[in-house]
Amino acid sequence: MQKLLQLRLDVEEYMNVSMFENILAKKSNIDKNSLSYCVIKESLDCRKSPLYNVSVIVSNDNDLPNHKIAPLLDIKSNKSVIIVGAGPAGLFAAIKLLQHGIKPIIIERGSCIEKRKVDVANINRNNEINTESNICFGEGGAGTFSDGKLYTRSNKKGNIEEVLEIFVHFGAEEKILRQTHSHIGTDKLSFIIKNIRKEILLHGGEYLFDSKVVDFIVKDNTVKGVKIADKGEVYADKVILATGHSARDIYQLFYDRGWKIESQNFAMGVRVEHPQQLINQIQYHSKHPSSLLPAATYSLTCNANDRGIFSFCMCPGGIIVPSMDRPNTMVVNGMSNSLRNGEKANAAIVVSVKEEDAKQFHSYGTLSLMMFQQEIEKNMYIHKQIAPGQRITDFMENRLSSSLVKSSYIPGVESVDMNDMLPKFVCENLKIGFKNFDKKMRGFITKDSMLIGLESRTSSPVRITRDADTLQHLTLKNLYPCGEGAGYSGGITSSAMDGINIANKIIEQWGM
Ligand SMILES: Cc1cc2nc3c(=O)[nH]c(=O)nc-3n(C[C@H](O)[C@H](O)[C@H](O)COP(=O)(O)OP(=O)(O)OC[C@H]3O[C@@H](n4cnc5c(N)ncnc54)[C@H](O)[C@@H]3O)c2cc1C
C-alpha cells in the first residue's frame, strides 16, 4: 500500500534521518520497522526561517517507484548519425539514438575528459590556453567544469525527468530527482561523462576526439557528411550540429556560405563574489544559520531602461574560473564541487545586450552581436589570465580599489575601474541592478564583495535557424541545429532535452 505525504518540516526534522522516519511513521500510521519511503520532491523555503517542503511516498510493502531508463542497444540498423559536439546536447542525442539501436558518430574538436582536465589545469597553473581543449571545448561540453546546476525554466520544451534519470543512470546521486534546484558539481560530472562514453562505445557508438569540423559536405542543399581539419571526411545519413555558443568559427562558416542564421540578443556583465557566509546569513535570516543547511543561493532580477538585469549561474561555495578559448581575451565563469563547500559565493550579474548596442559592427550583419561580444572580451584583457577586479562599493563610486578582497580566481586579479573597461550601458544598468538587489538582499553591496570580469558567454549571440516541424536547418536538409549554440536552449538540462528532442525527431522520420 502506497501513500503520498506532503510535509513542511524544519531543517532538523528533515535532515535528521531518525527524526524524519519517526515523523513518516506517525503521519502514515505505518510501523517504523516495515516502513519504506521515497522522497519525490524537496524544496527549501527561505522566505522566513528555512523550512523544507517535502513530498514523500511511503509504503509498507516496498513497492516504491524505480527510475530505470530505456537500455542502450547494440546497433541494429545500417543508418548512422554524425553528432558534432560532445556537450549535453550532443551526448544526450547520442544516448537516445542508441536506445533505438542507431549508430552515433560523435565528433568533438576538444579532447577526452582525461586530457581536457590537464589542459584546464594548465590555464590556471601555466597560463597556457589550448584553443581546442579548455573550459568551453572538449568532452562533456561547456558545463563539465561547472556547478552542474540542473534547474531549467524550459520545462515545456521536453522531459526533464528523463534527463535527470539518465544522469542518475550514469552515476549522479538519486537526490537530483527530487530536489527543485538540484546540482551535480564538477567533481562528479567528469566521472559521469566518462561513464556515458564507456556505454556508448560498448554498444557500437563512435567517438572522434581532437577533431574539429571545419565544413560540411553538401550536395543539392543536402548535408552528406563533414570535413574534419587535417583528418579528412566522414559521411553519415544525417548530421546533428551541437557545437555550443563558443564555436564562432561555425557561425562564421554559415555566414560566409550564406546558410541561414539570425542574430540573437544575449547578456553581458561581471561575476560578483561574496563571502558564502554572508550570503547564508542574508538568505537564512540569521547571524548563525544551522550548519545542516546547504550553502545558500540567490536568483535576482530587475528591469531598467528597457533591459533585463539579472543574476545567472550562481555558484554557492564555488570558484571563478578562466573561461576564454583563445589567448589575449578575458572571459570568466563559475563552478562548484558537489559539496559546495568553498568560502565564496559567485554569480554572474549581467545586462541584456541588443543589436542596437553593436552599431559599430552592423556591417557584419547577423554576426554583429558576436563581433561586439568578441571586442569586449579583447578590451577586458590585461595580461596572461589575470582578471580585472574591483570592490563593488568602489565600482558604485567610480573609483579604483586601493586593495582587493582575496578571490577564488586562481590566476590572480588586478585592480581596475570597470567603468573604464565595460560598455557604458552595461555599467549604468549594473549599478541600477546592484541597488535594486541590495534592497532585496540587505548587504549585497558591501566592501567585502568583488566584481570580476568579464562574463560574456551567457547565451548564443547567433541562432542557427531550423524548421519548426522537421527540426532541420532552413536551407540545409539533413542538418539538425541543436542545443545552446543553435540558440534553442540555455543550460545543461535544456540542452540535453534539445538533444533528445532532435534524436526523437530523427527516429520518427525514419519510422524506427
Ligand atoms: C564554466 C561554466 C559553468 C556553467 N555552469 C552551468 C550550470 O551550472 N548549469 C547549467 O545549466 N549550465 C551551465 N553552464 C552552461 C552550460 O554548460 C551550457 O548551457 C551547455 O553546456 C550547452 O550545451 P551544448 O551541448 O548545447 O553545448 P556545449 O556544452 O557548449 O558543447 C558543444 C561542444 O561542441 C564542441 N565543438 C564546437 N565546435 C566544434 C567543431 N567545429 N567541431 C567539433 N566539435 C565542436 C565543443 O568543443 C563542445 O564540447 C556553464 C557553462 C560554463 C562555461
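Residues numbered from 1 in each chain as written. Predicted model: local features only at pLDDT ≥ 70, side-chain atom pairs only at ≥ 80, totals over all residues. Heavy atoms only, no water.

## With respect to the site of the ligand
Contacts to the ligand come from 37 residues, most closely from Glu108, Ala142, Glu484, Gly491 and Ile492. In the environment of the ligand, an oxygen atom lies 3.2 Å from a nitrogen or oxygen atom belonging to the backbone of Pro88. Within the backbone of Ala142, a nitrogen or oxygen atom sits 2.8 Å from an oxygen atom of the ligand. Summarising the interface, the protein chains cover 95% of the accessible area of the ligand, which totals 1000 Å² for the free molecule. Those elements that provide at least two residues to the shell around the ligand are α3 (88-99), β16 (332-335) and α13 (492-509). Tallied by class, the residues present in the shell around the ligand amount to 16 nonpolar, 15 polar and six charged. Domain assignment of the residues forming the shell around the ligand places at least three in each of domain 2 (80-262 + 461-509) and domain 3 (265-455). (Near = heavy atom within 4 Å. Polar contact = N/O pair within 3.5 Å; in protein donor to acceptor, adjacent residues only side chain to side chain. Areas by Shrake-Rupley, 256 points an atom, 1.4 Å probe, with all protein chains shown as cover. Helix = DSSP H or I, 4+ residues; strand = E, 2+ residues; numbered from the N terminus. Nonpolar A, V, L, I, M, F, W, Y, C, P; charged D, E, K, R; others polar. Domains from an automatic or database assignment.)

## A look at the packing of α3 against α13
Packed helices, taken two at a time, are described by their axes: the angle between them and the distance between them. Direction vectors running N to C along α3 and α13 enclose 40 degrees, while the axes themselves pass 7 Å from each other. Judged by the angle between their axes, α3 and α13 are oblique. Here α3 and α13 pass one another in a crossing that is right-handed. Where α3 abuts α13, its residues Pro88, Ala89, Phe92, Ala93, Lys96 and Leu97 lie against Ile492, Ser495, Ala496, Gly499, Ile500, Ala503, Asn504 and Ile507. Of the residues that constitute the contact of α3 with α13, the class distribution is ten nonpolar, three polar and one charged. (Axes fitted to C-alpha atoms, helices over the stretch in contact; angles between N-to-C directions. Parallel < 35°, antiparallel > 145°, perpendicular 65-115°, else oblique. Left-handed = near helix turned anticlockwise from the far one by under 90°. Contact = heavy atoms within 4.5 Å.)

## Focus: the packing of aromatic side chains
One pass over the structure, following the stated rule, counts 14 aromatic pairs. Note on Phe20 and Tyr37: the rings are 5.6 Å apart at their centroids and 80 degrees apart in plane angle, and the pair reads as edge-to-face. Highlighted residues: Phe20 in helix α2 (residues 17-28) and Tyr37 in strand β2 (residues 36-45), separated in sequence by 17 residues. Assessed through its relative accessible area of 27%, Tyr37 is described here as partly exposed. Note on Phe437 and Phe444: the rings are 6.1 Å apart at their centroids and 80 degrees apart in plane angle, and the pair reads as edge-to-face. (Phe/Tyr/Trp six-rings, centres within 6.5 Å; stacked < 30°, edge-to-face > 60°. Buried < 20%, exposed > 50% of the residue type's maximum accessible area, 1.4 Å probe, protein only.)

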